[in-house]
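Below are the chains, spelled out letter by letter.
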Amino acid sequence: MDLAAGLASILGPKGWVPGADARPWSRDWLDRHGEAPLGVARPGTTDEVSRVMAACHAAGVGVVPQGGNTGLCSAAVAGRPGAVILSLSRMAGIAAPDLASGSVTVEAGVILANLHAALEGTEMVFPLHLGAEGSAQIGGLIGTNAGGSHAFRHGMMSDLVLGLEVVLPDGRVWNGMRAVQKDNAGYALRKLFCGAEGTLGVVTRAVLRLAPRPRAKATALLALPDMGAAVAFGSRLRADLGDVLTGMEFFSDLGLDLALRHVPGLAWPLGSRAGAYLLVEVASTSPLVPLDEMLSGTLEWGMAEGLVTDGALAANEAQRAAFWRLREEQPEGQRLEGVQLKHDISVPPGRIAEFVERGAGLCQRLLPGVRINPFGHLGDGNIHYNLSPPAGQADFAGLGPEIGLELARLADRMGGSFAAEHGLGRAKIALADALRRPVERGLMASLKRALDPAGGMNPGVILREDRQE
Ligand SMILES: Cc1cc2nc3c(=O)[nH]c(=O)nc-3n(C[C@H](O)[C@H](O)[C@H](O)COP(=O)(O)OP(=O)(O)OC[C@H]3O[C@@H](n4cnc5c(N)ncnc54)[C@H](O)[C@@H]3O)c2cc1C
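Residues numbered from 1 in each chain as written. Predicted model: local features only at pLDDT ≥ 70, side-chain atom pairs only at ≥ 80, totals over all residues. Heavy atoms only, no water.

## Structural notes on the overall build of the chain
For step 1, the next point in the chain: Helix and strand counts for the chain come out as 17 helices and 17 strands.
For step 2, the next point in the chain: Since a compact globule built from 469 residues should have a radius of gyration of about 23 Å, the 23 Å found for the chain is in line with a globular shape.
For step 3, the next point in the chain: Referenced to the eigenvectors of the C-alpha coordinate spread, the extents of the chain come out at roughly 75 × 55 × 45 Å.
For step 4, the next point in the chain: Counting all 469 residues of the chain, 52% fall into the buried class.
For step 5, the next point in the chain: Considering only contacts within the chain whose residues lie at least 6 apart along the sequence, 73% involve residues at least 24 apart.
For step 6, the next point in the chain: Accessible surface, the chain: about 19,400 Å² in total, of which carbon and sulfur atoms supply 53%.
For step 7, the next point in the chain: Put simply, the chain has 43 plus and 49 minus side-chain charges, and the middle of one group is 4 Å from the middle of the other. (Helix = DSSP H or I, 4+ residues; strand = E, 2+ residues; numbered from the N terminus. Rg over C-alpha atoms; globule rule 2.2 N^0.38 Å. Buried < 20%, exposed > 50% of the residue type's maximum accessible area, 1.4 Å probe, protein only. Contact = heavy atoms within 4.5 Å. Areas by Shrake-Rupley, 256 points an atom, 1.4 Å probe, with all protein chains shown as cover. Lys, Arg positive; Asp, Glu negative; His and termini not counted. Charge placed at Lys NZ, Arg CZ, Asp CG, Glu CD.)

Right, dumping it as structure tokens:
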């Protein structure tokens, strides 16, 4: 029996989509990559995942795990024709949360927004939030080690994973579904699979750490002269409000302009425009903490110092959601403007303004007039340093790779990373080859060889298929 027929018999008609019908799973979010797969395996249980992996291993065919396919580095689609896409979306069970321990057990195909909804009405939340939460799945969030807007407070996905179940490339199952934070019984295997982008195994279940549900929140939208003021004010926010600070997001006037122009239903609530904007949120489990007063006090200080020029506090939930939408629609506004270059940089948070300025210098030198739209997470130094071509120009005149490499080098020199929260996937391998130190690359290649000696797990992601370290 050939592999497709074998997989169809393991999975039944609901669980196997032949290659001819696989188009909805085949291309990545940005529609840049994705070869025609042999088909899409849609298992319903860990046992089925294990049998699929064993069959593909025996046939020497590559497997690409796929969650919501919202990843931005082209890692959840086939790099070569004929690979099998393994979609976890039918494995979407959420167990009753263990509120006494602060954890919940989920299957890998659970959509993040559905987990948030399942916890409504309890005293706990899952504190990971990002713009794609209506589609991104737990397995994909683990695969990319997603960060998002609350990472500086609650950590990235790897900080929120207590236990994991993983199907290994040859079909063996590792059950590490422990529900404890303290587990030093050897190497931290659970961490290894966080951010592995599906290159070491398939995550099938996870025990996730929850956080207490805030009972009170205050949210402010602020205008500031420039990113230097935003960094200085951010440092004061940490000093004054560190215990309750849960959001510190920034965006630029160009980003605001694009979002207002292209995304329906957005409105600008402040009376003036400025060089930079901050969305600040504080939250507490105690309704007795005077959050509005605390936030207003720091805002007044910022205004007196000339760091903040305008601002508004959300008066109700609808306004809070409208403030967040202005930030979260930044990628969409730029996407709708047309061709773009996306960069997912991180630097030490105190150096964000310096990066934005030095980055602008090098981009303008390479392509005068290029439009720079930095936005991101002030609390952890993560800058989405995205570019649109100069006004009136259709594209980047072939300079995209050079600009990307120069920005990545700058981040590296400044003690940061050229791949902050989206991973490497296929899209950033050239950057990794240029910037990763040989020892670091060698260690990664050794790990890959140890866990996936046949190289069938998401080939061509993180490490080149042909590279001998
Ligand atoms: C509008 C928008 C906003 C975004 N905002 C953020 C943000 O703020 N922060 C952030 O970090 N990211 C962000 N992202 C990127 C993306 O949402 C995340 O990378 C997310 O974690 C991907 O989840 P997914 O289920 O879509 O994974 P996919 O795209 O399907 O897969 C991503 C990677 O994980 C692997 N994978 C998938 N499932 C499994 C599994 N079960 N086992 C092992 N590996 C698996 C895949 O092979 C691939 O390598 C954003 C994306 C969009 C489109």
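## Some points on the site of the ligand
For step 1, the next point in the chain: Close contacts around the ligand come from 34 residues, with Pro65, Gly67, Thr70, Gln137 and Thr144 the closest.
For step 2, the next point in the chain: Here an oxygen atom of the ligand and a backbone polar atom of Gly68 are 2.8 Å apart.
For step 3, the next point in the chain: In the model, a nitrogen atom of the ligand is placed 3.4 Å from a nitrogen or oxygen of the Gly140 main chain.
For step 4, the next point in the chain: In the complex, the protein chains occlude 94% of the 980 Å² of accessible area that the ligand would expose alone. (Near = heavy atom within 4 Å. Polar contact = N/O pair within 3.5 Å; in protein donor to acceptor, adjacent residues only side chain to side chain.)

## Some remarks on the layout of surface pockets
For step 1, the next point in the chain: Estimated volume of the second largest pocket: approximately 800 Å³.
For step 2, the next point in the chain: Looking at the second largest pocket, it is lined by 34 residues, and the ones nearest its centre are His129, His150, Pro214, Lys217 and Glu281.
For step 3, the next point in the chain: Take the lining of the second largest pocket: its biggest share by element is 6 residues, from helix α12 (residues 317-328).
For step 4, the next point in the chain: By residue class, the composition of the lining of the second largest pocket is 13 nonpolar, 9 polar and 12 charged.
For step 5, the next point in the chain: Each of two domains, domain 2 (103-212) and domain 3 (216-327), supplies a minimum of three residues to the lining of the second largest pocket. (1 Å grid on protein atoms, 1.4 Å probe; cavity = no way out; pocket = protein on both sides within 12 Å on 5 of 7 lines; lining within 4 Å. Points joined across faces, edges and corners; volume = space filled by probe spheres on them. Nonpolar A, V, L, I, M, F, W, Y, C, P; charged D, E, K, R; others polar. Domains from an automatic or database assignment.)

## Thoughts on the packing of helix α9 (residues 227-241) against helix α14 (residues 352-366)
For step 1, the next point in the chain: The N-to-C vectors of α9 and α14 enclose an angle of 165°; their axes lie 8 Å apart at closest approach. On the basis of their axis angle, the class for α9 and α14 is roughly antiparallel. Here α9 runs over α14; the crossing is right-handed. Between α9 and α14, the residues in contact are Met227, Gly228 and Val231 and Ile352, Ala353 and Val356, respectively.
For step 2, the next point in the chain: Its residues assigned to classes, the contact of α9 with α14 comprises 5 nonpolar, 1 polar and no charged. (Axes fitted to C-alpha atoms, helices over the stretch in contact; angles between N-to-C directions. Parallel < 35°, antiparallel > 145°, perpendicular 65-115°, else oblique. Left-handed = near helix turned anticlockwise from the far one by under 90°.)

## A word on the pairing of strand β3 (residues 63-66)
For step 1, the next point in the chain: Side chains Val63 and Pro65 of β3 all project onto a buried face; the interleaved residues Val64 and Gln66 project onto the opposite face, where all are buried too.
For step 2, the next point in the chain: In this sheet, strand β4 (residues 84-87) lies alongside β3 in parallel orientation, the contact comprising 4 bridges. Counterpart to Pro65 in the pairing with β4 is Leu86. (Pairing = 2+ DSSP bridges.)

## Digging into the domain arrangement of the chain
For step 1, the next point in the chain: For the chain, the domain assignment lists domain 1 (3-87), domain 2 (103-212), domain 3 (216-327) and domain 4 (338-453).
For step 2, the next point in the chain: The C-alpha-based centres of domain 1 and domain 4 are spaced at 29 Å.
For step 3, the next point in the chain: Buried surface at the junction of domain 1 and domain 4, summed over both partners, amounts to about 730 Å²; 64% is from carbon and sulfur atoms.
For step 4, the next point in the chain: When the area that domain 1 buries against domain 4 is broken down by residue, the three leading residues are Arg32, Leu72 and Cys73, summing to 59%.
For step 5, the next point in the chain: If you look at where domain 1 meets domain 4, you find 0 salt bridges.
For step 6, the next point in the chain: Summed over the shared surface of domain 1 and domain 4, the number is 5 residue pairs in polar contact (both at pLDDT 80 or more).
For step 7, the next point in the chain: A per-class count over the side of domain 1 that touches domain 4 returns 6 nonpolar, 2 polar and 1 charged. (Buried area = accessible area lost by both parts, 1.4 Å probe. Salt bridge = Lys/Arg side-chain N within 4 Å of Asp/Glu carboxyl O.)

## Looking at the side chain of Thr298
For step 1, the next point in the chain: Considering the arrangement of structural elements, one finds Thr298 in helix α11 (residues 291-304).
For step 2, the next point in the chain: Residue class for Thr298 comes out buried when judged on its relative accessible area of 2%.
For step 3, the next point in the chain: Once residues within four sequence positions are removed from consideration, Thr298 is found in contact with Phe233, Arg236, Leu237, Asp240 and Leu241.

## Some points on the pattern of salt bridges
Side chains bearing opposite charge may pair, as long as their charged atoms lie close to each other.
For step 1, the next point in the chain: For the coordinates displayed, the defined rule picks out 23 salt bridges.
For step 2, the next point in the chain: In this structure, the salt-bridge partner of Arg320 is Glu317, at a minimum N-O distance of 3.0 Å. Here Glu317 and Arg320 lie together in helix α12, a separation of 3 residues that amounts to about one turn.
For step 3, the next point in the chain: The exposed category is assigned to Glu317, whose relative accessible area is 53%.
For step 4, the next point in the chain: Here Arg335 ties to Glu332 by a salt bridge, and the two come within 2.8 Å at their closest N and O atoms. With a gap of 3 residues between them, Arg335 and Glu332 both fall in helix α13 (residues 330-337), about one helical turn apart.
For step 5, the next point in the chain: One network of salt bridges, with partners in common, ties together Asp253, Asp257, Arg261, Arg273, Glu337 and Arg371.

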